[in-house]
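# Descriptive analysis of the structure
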Amino acid sequence: MNITGRLTADAKVSKTTKGKEVVNFSIAVNDSYKKDGQRVEHTAYFDCAYWRATKAVAWLQKGLLVELTGQISVRAWNSKDGTAKAGINFYTVTIKPLARSAKNNDSVQDSTESKSGRTMTGQDEDDLPF
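First things first, this report covers the structure right here in the doc. What you see as residue numbers is a count from 1 along each chain, following the sequence as written. Residues qualify for local features only when their pLDDT is at least 70, as the model is predicted, and side-chain atom pairs are given and counted only at 80 or more; totals for whole chains, interfaces and linings, by contrast, use all residues. Only hydrogens and water are removed before side-chain values are computed, so all heavy atoms of the structure are retained for them.

Grouping buried Ala, Val, Leu, Ile, Met, Phe, Trp, Tyr and Cys residues that are joined through side-chain atoms within 4.5 Å yields what is termed a nonpolar core. Relative accessibility decides the category of a residue: with a 1.4 Å probe and only protein chains considered, values under 20% of the type maximum give buried, values over 50% give exposed, and everything between is partly exposed. In this structure, Phe-25, Ile-27, Leu-60, Val-66 and Leu-68 are the most contacted members of the largest nonpolar core, which totals 18 residues. Segments assigned H or I by DSSP are reported as helices when at least four residues long, segments assigned E as strands when at least two residues long, and all are numbered from the N terminus. Mapped by element, the contributors of at least two residues to this core are strand S1 (2–7), strand S3 (21–35), strand S4 (38–50), strand S5 (65–78) and strand S6 (84–99). Broken down by element, this core gets its largest block of residues, four residues, from S3. Contacts: residue pairs with any heavy atoms within 4.5 Å of one another. Ignoring anything within four residues of it in the chain, the contact list for Leu-60 reads Leu-7, Asp-10, Ala-11, Val-23, Phe-25, Val-66 and Ile-95.

Spelled out as structure tokens, the structure:
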């Protein structure tokens, strides 16, 4: 699945209890439609996890427009006060920056392939399983 949205905050690296590092970030996906002649805006928020390369945290900054490829899952839990909560997770496989964030005036690479031939999935093209 592909989704496109803007980061709601700078990405952060966290570790699992077994020491594996993951880049965590959240994106907002905006949608709009007309109902009874009025424009209705809707925003969905996705919590994203990127397990392939922690160096992505350096450029995943608030406001950056990205296209993500991956798999979606839904989670539900009870908060400490007993309130039922739900969230949408997106397990990200590839990240494609589409436009720089308003926060960062540096240019952002427009494709997922770097000059070294490596993709932002962290794998060499020859190592891909398909």
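Read on, since the account is not over.
Our focus in this paragraph is the environment of Val-22. Considering the arrangement of structural elements, one finds Val-22 in strand S3. Judged by its relative accessible area of 4%, Val-22 is buried. Sequence separation of Val-22 and Ala-53 is 31 residues, and the distance between their C-alpha atoms is 7.9 Å. If we ignore the near neighbours within four places in the chain, the residues touching Val-22 are Lys-12, Val-13, Ser-14, Ala-49, Tyr-50 and Trp-51.

Here the focus is the environment of Ala-58. Its place among the elements puts Ala-58 in the loop between S4 and S5. With relative accessibility at 57%, the residue Ala-58 sits in the exposed group. With 48 residues separating them in the primary sequence, Ala-58 and Asp-10 have C-alpha atoms 8.9 Å apart.

This paragraph deals with the side chain of Ser-26. For Ser-26, the position within the fold is in strand S3. In terms of polar contacts, Ser-26 uses its side chain to reach the backbone carbonyl oxygen of Phe-46, at 3.3 Å. Ignoring anything within four residues of it in the chain, the contact list for Ser-26 reads Arg-6, Leu-7, Thr-8, Ala-9, Phe-46 and Asp-47. By the criterion applied in these results, polar contacts are pairs of N or O atoms within 3.5 Å in which, for protein atoms, one can donate a hydrogen and the other can accept it, and in which residues neighboring in sequence qualify only through two side-chain atoms.

The subject of this paragraph is the pattern of salt bridges. One speaks of a salt bridge when a side-chain nitrogen belonging to Lys or Arg is within 4 Å of a carboxyl oxygen belonging to Asp or Glu. One pass over the full model with this rule turns up one salt bridge. Close ionic contact of Asp-47 with Arg-75 constitutes a salt bridge, the shortest N to O distance being 2.6 Å. Pair noted here: Asp-47 is in strand S4 and Arg-75 is in strand S5, with a separation of 28 residues, a long-range link. Overall, Asp-47 belongs to the partly exposed group, its relative accessible area being 33%.

Attention now goes to the pairing of S4. By the convention used here, strands pair only if DSSP detects at least 2 bridges between them. Strand direction decides the pairing type here: S3 and S4, joined by 13 bridges, are antiparallel. In the sheet register, Lys-35 faces S4, and the bridge partner there is Gln-38. Between the end of S3 and the start of S4, which pair antiparallel, lie two residues, with Asp-36 showing a positive phi angle near 55°. The sheet contact formed by S4 and S6 spans four bridges and is parallel. When the bridges of S6 are listed, Cys-48 appears paired with Phe-90.

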